[in-house]
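# Fold and geometry: a report
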Amino acid sequence: MKKLILFACVLTSAMLFTACGKKADAETEEILYAVTAKKLSAGTLDDYLEFGGDVDSVSSVSVYPDMAGKLSGVKVAVGDTVRKDQIIAYVDASRPGYNYSESPVKAPAAGRVISLVTNIGTTVSQAMPVAKISNTEEMEIKINVPERFISRVKEGQYVELTFDAYPGEVFAAKVSEVSPVLDSSSRTMLTKVLIVQRDNKIKIGMYARVKLITESKENTIVLSSTAIVTRDGKSYVFVLSETTGENEKLSVHQQPVKTGLTIDDKTEIVEGLVVGQTVVTKGLSLLSEGSKVNVVSLTE
């Protein structure tokens, strides 16, 4: 009987010891958070105004016939290049009882034909243009800037253009002319944007998205706005730092920062970070000072 009691005591002690050991291991087990991080470098942040407009020629001229009548012949096509005084069409002014020689319609200037009446027999007059000729070497976009933004627009400003036909491509332009007066009915200021990057991809009549750069912060640290957390009314980012030990792991430091300009989803960091540091950009919602992390993706 004594042996049985002694065995039970030993067994109970062993079970308690094992349970305590497991509890101690559980208490010392660390939580490891999976995060995405970015190594900081100097960048540029642009503030801008966005508009839309149609591409047009800087200089163009409408072609009118000398006589009213019916269009009897067309000698060019849309897209053709013509020289000054070249005949582009004929008009027959004849009517019952009166016969006239065909009247030639001449190009008043050299350029490219961008529109043209092509239906033979169409009645035309001196007030109706038969064609439009443009200099397609120089193209512009006219935009109307609302009154509240006119202080941010000036001649020579850099402009970025994008077109639905070429997704992902950006074309260079600049503000070439700013109207000295406002339209009193629409309260807008006419502004002309000259396309400085000559490219055969850009055609007259295309619709452009115009991004007018009004302010540019260069050589500054720019972060995704999602990498910044606000706690107790202050802004923080989590900076990676290494902890030494038997198994080297990464931990984070909750670094207070001062933010500046925010454009779209990007924010300028004015104080608190330096180039070369690595900060957490995703997976930071559960982090706190000293949290251990596993970096699953690192971008430069």
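Residues numbered from 1 in each chain as written. Predicted model: local features only at pLDDT ≥ 70, side-chain atom pairs only at ≥ 80, totals over all residues. Heavy atoms only, no water.

Our focus in this paragraph is the overall build of the chain. The helix and strand inventory of the chain stands at 1 helix and 22 strands. Of all 300 residues assigned to the chain, the portion counted as buried reaches 33%. Long-range pairs, those at least 24 residues apart, make up 69% of the contacts in the chain between residues at least 6 apart in sequence. (Helix = DSSP H or I, 4+ residues; strand = E, 2+ residues; numbered from the N terminus. Buried < 20%, exposed > 50% of the residue type's maximum accessible area, 1.4 Å probe, protein only. Contact = heavy atoms within 4.5 Å.)

The next subject is the nonpolar core. If you look at the biggest cluster of nonpolar residues, it comprises 22 residues, and the most contacted ones within it are Val55, Ile141, Ile143, Val159, Leu161, Phe163 and Val210. The set of elements that each furnish at least two residues to this core consists of β2 (42–57), β11 (139–146), β12 (158–162), β13 (171–178), β14 (188–195) and β15 (207–224). Counting residues per element, this core draws most heavily on β11, which supplies 4 residues. Within the second largest apolar cluster, 16 residues are counted, among which are Ile88, Ala89, Ala107 and Ile133. (Core = buried A, V, L, I, M, F, W, Y, C linked by side-chain atoms within 4.5 Å.)

For the rest of this paragraph, the subject is the pattern of salt bridges. Tallied over the full model, the rule gives 7 salt bridges. For Glu215, the salt bridge is made with Lys217, and the minimal N-O distance between the two is 3.9 Å. Judged by its relative accessible area of 34%, Glu215 is partly exposed. Through salt bridges that share partners, Glu215, Lys217 and Glu268 make up one connected network. (Salt bridge = Lys/Arg side-chain N within 4 Å of Asp/Glu carboxyl O.)

The topology assignment puts Val175 in strand β13. For Val175, a relative accessible area of 1% corresponds to the buried category. Filtering out sequence-adjacent residues up to four positions away, Val175 remains in contact with Lys154, Glu155, Gly156, Gln157, Val159, Thr191, Lys192, Val193 and Leu212.

Our focus in this paragraph is the packing of aromatic side chains. Tallied over the full model, the rule gives 2 aromatic pairs. When the centroid spacing of 5.5 Å and the interplanar angle of 70° are considered together, the rings of Phe163 and Phe171 count as edge-to-face. According to the relative accessible area criterion, Phe163 is buried, its value standing at 3%. When its relative accessible area of 1% is taken as the criterion, Phe171 is described as buried. An angle of 65° between the planes, with centres 6.1 Å apart, marks the rings of Tyr166 and Phe171 as edge-to-face. (Phe/Tyr/Trp six-rings, centres within 6.5 Å; stacked < 30°, edge-to-face > 60°.)

This part covers the environment of Lys217. Along the chain, the position of Lys217 falls in strand β15. Remark: the alpha-carbon pair of Lys217 and Asp47, spanning 170 residues in sequence, is separated by 8.3 Å. A distance of 3.2 Å separates the side chain of Lys217 from the side chain of Glu268, its partner in a polar contact. (Polar contact = N/O pair within 3.5 Å; in protein donor to acceptor, adjacent residues only side chain to side chain.)

Here we have 4 strands laid out as an open sheet, ordered β3-β10-β8-β5, and antiparallel in their pairing. Edge positions in the sheet fall to β3 (60–63) and β5 (81–82), since each of these pairs with one other strand and no more. As defined by bridge partners, strand β8 (residues 111–116) adjoins strand β10 (residues 131–134) across 4 bridges and the pair is classed as antiparallel. What sits directly across from Leu116, in β10, is Ala131. (Pairing = 2+ DSSP bridges.)

Take it as geometry only, folks, not as evidence of what the structure does.
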